[in-house]
Amino acid sequence: MRKLQAWGGAAALLAALLLGGCARQDTVTATPEQAATPTPGVTAEPTPEPAVGLSTNPLTGLDDADYTGKRPVAVMLRTLDGAQPQWGIASADVLIEGVTEGNTAGLMALFADVDRISKVGPVGPGRDLFLQAALPLNAMPVSIDKNVYAANLLNTLAYQDLDGYHVGKTAFAFDQGRQDAGYREENCWYTTGELIRNGAASYGTALEGSNTPLFRFGTREEVAPENRSGMSLTVTFSKSDSEQLNYNTGTGLYEKLNADGSPMTDADNGQQAVFTNVFVLYASSGIKDDGYTRQYDMTGGTGLYLHGGAWEQISWSKEDATGPFSLTAADGTPLTVAPGKSFIAIWGGYYGQALRLTAADGSEQTLPEKPALLASGVTDEAAAAAEAALSDAQKLIDAQAAIDQANASLAEAQTELQDAQAALDADSENADLLAARDAAQAKIDELNQTIADNQAYLDANAPQPEETAQPEATEAPAE
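Residues numbered from 1 in each chain as written. Predicted model: local features only at pLDDT ≥ 70, side-chain atom pairs only at ≥ 80, totals over all residues. Heavy atoms only, no water.

1. Quick word on the overall build of the protein chain
Stage number 1. Across its full length, the protein chain holds 9 helices and 19 strands.
Stage number 2. Of all 479 residues assigned to the protein chain, the portion counted as buried reaches 47%.
Stage number 3. The contacts of the protein chain with a sequence gap of at least 6 include a subset with a gap of at least 24, amounting to 69%.
Stage number 4. Carbon together with sulfur atoms contributes 51% to the accessible area of the protein chain, which is approximately 22,300 Å² in total. (Helix = DSSP H or I, 4+ residues; strand = E, 2+ residues; numbered from the N terminus. Buried < 20%, exposed > 50% of the residue type's maximum accessible area, 1.4 Å probe, protein only. Contact = heavy atoms within 4.5 Å. Areas by Shrake-Rupley, 256 points an atom, 1.4 Å probe, with all protein chains shown as cover.)

Right, dumping it as structure tokens:
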């Protein structure tokens, strides 16, 4: 039988193009002291201090408590298989989602008041994409581990975070009941407002300080039923991660669904995650220098804003990692955002990603063109070719595996046929023995057919080894 060689090249290329598979959980071995020390050769900048502290909720614009002098908290959440349901997603003031690596989008939950956090988790690793949204708010980033890009950003800014990789059980706890129910260990770690305070105190870091509004909040006109153009939004982050937000006319809120279509519910209280505002921020994307982490142009782009069952095109900009989001309407005026909780998707529009938005009558909306790729990005054509190559390689591997399995089963099937024939020879009029003999023969015929079909596929599709070029003959020198 022809043996297939590993198609590592196609697999590696597709992994680089599509960032397929589970997101890597990189370990950063910096000590807590190093985490607060600027990278050598880089001038440290102070933690950004907003100009004004708000008494209203800086993340929702709601006047539901006094938030004066309270720093927000930004908790990174795990999202890979086995992480759902998460704690705290329904109580968070803002959820921000985007692919950082792999083919599953990551999540960050923002809370305006640490003391109102009951339980949040499972806590995931820090990523620089989410820090871009947390740092302008003077928020305390909370994670367990982080990648080198997040560590470098925090070090450069001398910005203290709270990382369970260093502070351990001072700020994080383990849910044994969750593990006993079958969850993997990494999906059982959580934190609370009290634990976050304990962790911050261990670093001598205060959770009191100035805050700044996430958006320009204000009253918006009510959307008439006939103008509900944005009732159902599907955000496809990858072919295996497509999530939906549906507008509920009764509550006036967008209800979030998981990739499998189930409601995204909070493990702490069972409530579904719902939002007054939904944003999709278009951001040109590529690949960082490690070959698998997503790179985004976070200086600005176009986007969508959904509220009240309607949508509009917006533009956004951001000066740098510590600069806040600035949103404008299509006419260039500052965007007024309705008070309430918000969901923000950061969307690159690269191969495998898509958006779909439908109106109340089911009509599909025409959305802005997807963002251009960064120089390090891969075109749709190249990504599709790599995916096709990997698919073809897998089919060849599957065909060879089917042949090997059928051959392994033939000996046993032959023995069964011989035994059935011997029994039938001893009692030729027995209908049951005749049926058993025929069934044994049919099994052998099926195995042989499997071998023949898959061998034919291999013969027609397996790459042939390249012929080694023979050196050209040279004439002997004349005597």
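2. What about the packing of aromatic side chains?
Stage number 1. Counting across every chain of the model gives 9 aromatic pairs.
Stage number 2. With centroids separated by 5.0 Å and ring planes inclined at 55 degrees, the aromatic side chains of Y247 and Y254 adopt a geometry described as tilted.
Stage number 3. By relative accessible area, Y247 is classed as buried at 13%.
Stage number 4. Each residue in the set F215, F217, F279 and Y305 is aromatic and connected to the rest through ring pairs, giving one cluster.
Stage number 5. Here K318 stacks its cationic end above the ring of F325, 5.8 Å away from the centre of that ring. (Phe/Tyr/Trp six-rings, centres within 6.5 Å; stacked < 30°, edge-to-face > 60°. Lys NZ or Arg CZ within 6 Å of the ring centre and 35° of its normal.)

3. Side note on the layout of surface pockets
Stage number 1. Each pocket or cavity is described by its volume, and for the largest pocket that value is around 360 Å³.
Stage number 2. In this structure, the largest pocket is lined by 21 residues; those nearest its centre are T79, D81, Q84, T104 and A259.
Stage number 3. Residue classes in the lining of the largest pocket are distributed as 6 nonpolar, 9 polar and 6 charged. (1 Å grid on protein atoms, 1.4 Å probe; cavity = no way out; pocket = protein on both sides within 12 Å on 5 of 7 lines; lining within 4 Å. Points joined across faces, edges and corners; volume = space filled by probe spheres on them. Nonpolar A, V, L, I, M, F, W, Y, C, P; charged D, E, K, R; others polar.)

4. Quick notes on the nonpolar core
Stage number 1. L95, I96, M108, F279 and V280 are the most contacted members of the largest nonpolar core, which totals 89 residues.
Stage number 2. The contacts of L95, once residues within four sequence positions are left out, are I89, L107, M108, A109, M264, F275, S342, F343 and I344.
Stage number 3. Core analysis: the second largest hydrophobic core is formed by 14 residues, A413, L417, L447 and A462 among them. (Core = buried A, V, L, I, M, F, W, Y, C linked by side-chain atoms within 4.5 Å.)

5. A short note on the pattern of salt bridges
Stage number 1. Summed over all chains, the structure comprises 16 salt bridges.
Stage number 2. A salt bridge links K70 to D113, with the nearest nitrogen and oxygen atoms 3.0 Å apart. Pair noted here: K70 is in the loop between helix 2 (32-35) and strand 1 (73-77) and D113 is in the loop between strand 3 (106-111) and helix 3 (128-134), with a separation of 43 residues, a long-range link.
Stage number 3. Given the relative accessible area of 24%, K70 is considered partly exposed.
Stage number 4. Note that E97 and K256 form a salt bridge whose closest N and O atoms lie 3.5 Å from each other. One end of the pair, E97, is in strand 2 (residues 94-98); the other, K256, is in strand 10 (residues 253-257), and 159 residues separate them in sequence. By the burial criterion, E97 is buried, and K256 matches it.
Stage number 5. Three or more residues joined by partner-sharing salt bridges are found here, namely E97, E243 and K256. (Salt bridge = Lys/Arg side-chain N within 4 Å of Asp/Glu carboxyl O.)

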